[in-house]
Amino acid sequence: KLANNSSGYTVSTGIGSHLTERISYRALLGWSRFEYAKGLSNRDNVTYSLSANWKASDTLSIMLLGSSYYQPSEVYYGSSMMVSTIGLGVGKSLVRGKLSATLDLTYRHEETQYQTLAGTGFDEDIITGRVGLNYNINRFVSLFGRVEYQTTMTSGQNYGSNFDYDRFRGTLGLRLSY
């Protein structure tokens, strides 16, 4: 029987500052240890977290994000993954204070690090693109809508591309703030 808990530890150091009045950044580099199922499998690796934000104008902002970290597998019990992501997002105010639009593109790589069942591990490459609109009715209520496209490509061991898929998702919502 596998233990039902895992622990992760990360120690990072880095810098963050403003290059100019409109450009800020943060970069962290660290070491991470992931102890899966009370020590059944221990993994050590270098991890990172990066972000940069450029306020190109009063109405346009561009952000770049990247990171790596360990997590339990979302597919198989008793498996752990190393996840690396990088994303680019753009936000644009269309009607100042009322209507804004967002666009982002993200790449995520999930690599099997440990598996309890032989032949159950596979790696995934996930590409996601989103477009969104936000409308502020007042300072407490806003409406939002988002359309997302995601493609997932799998590889490895006994599965090849058996878990590949594409999907579209639309979201409409009402946000209440206090």
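Before any of the text, the structure's been laid out above.
(A) Highlighting the pairing of strand S7 (residues 123–136). Pairing between S7 and strand S8 (residues 141–155): 14 bridges, direction antiparallel. The residue bridging Gly129 from the neighbouring strand is Tyr149, located in S8. Adjacent in sequence and paired antiparallel, S7 and S8 are bridged by 4 residues.

(B) The arrangement of the pattern of salt bridges in detail. Using the criterion set out here, one finds 6 salt bridges in the structure. With a shortest N-O distance of 3.1 Å, Asp104 and Arg130 are connected by a salt bridge. One end of the pair, Asp104, is in strand S6 (residues 99–115); the other, Arg130, is in strand S7, with 26 residues separating them in the sequence. Exposure remark for Arg130: the relative accessible area of 29% places this residue in the partly exposed category. Close ionic contact of Glu148 with Arg130 constitutes a salt bridge, the shortest N to O distance being 3.5 Å. Here Glu148, found in strand S8, pairs with Arg130, found in strand S7; they are 18 residues apart in sequence, far enough to count as distant. The exposure class of Glu148 is buried, given its relative accessible area of 11%.

(C) Broad picture of the layout of surface pockets. When its volume is computed, the largest pocket comes out at roughly 170 Å³. Every residue along the wall of the largest pocket is listed here: Met63, Leu65, Thr85, Ile86, Gly87, Leu88, Gly89, Asp104, Thr106 and Arg130. Secondary-structure elements contributing two or more residues to the lining of the largest pocket are strand S4 (60–72), strand S5 (79–95) and S6. Here the element with the most residues in the lining of the largest pocket is S5; it accounts for 5 residues. Residues of the lining of the largest pocket, tallied by class, amount to 4 nonpolar, 4 polar and 2 charged.

(D) Representation of a nonpolar patch on the surface in the model. The grouping of Leu64, Ile86, Leu88, Leu105, Tyr107, Ile127 and Met153 at the surface amounts to a nonpolar patch, some 590 Å² of accessible area in total. Among the secondary structure elements, those contributing two or more residues to the nonpolar patch are S5 and S6. Turning to its location among the elements, Leu64 is positioned in strand S4. The exposure class assigned to Leu64 is partly exposed, which follows from its relative accessible area of 40%.

(E) The arrangement of the side chain of His109 in detail. Inspection of the secondary structure assignment puts His109 in strand S6. A polar atom in the side chain of His109 sits 3.5 Å from the backbone oxygen of Glu124. In contact with His109, not counting residues within four places along its chain, are Met82, Val83, Ser84, Asp123, Glu124 and Asp125.

The rules we used
- Residues numbered from 1 in each chain as written.
- Predicted model: local features only at pLDDT ≥ 70, side-chain atom pairs only at ≥ 80, totals over all residues.
- Heavy atoms only, no water.
- Pairing = 2+ DSSP bridges.
- Helix = DSSP H or I, 4+ residues; strand = E, 2+ residues; numbered from the N terminus.
- Salt bridge = Lys/Arg side-chain N within 4 Å of Asp/Glu carboxyl O.
- Buried < 20%, exposed > 50% of the residue type's maximum accessible area, 1.4 Å probe, protein only.
- 1 Å grid on protein atoms, 1.4 Å probe; cavity = no way out; pocket = protein on both sides within 12 Å on 5 of 7 lines; lining within 4 Å.
- Points joined across faces, edges and corners; volume = space filled by probe spheres on them.
- Nonpolar A, V, L, I, M, F, W, Y, C, P; charged D, E, K, R; others polar.
- Patch = residues over 30% accessible without salt bridge, like charges linked within 9 Å, V, L, I, M, F, W, Y side chains within 5 Å.
- Areas by Shrake-Rupley, 256 points an atom, 1.4 Å probe, with all protein chains shown as cover.
- Polar contact = N/O pair within 3.5 Å; in protein donor to acceptor, adjacent residues only side chain to side chain.
- Contact = heavy atoms within 4.5 Å.

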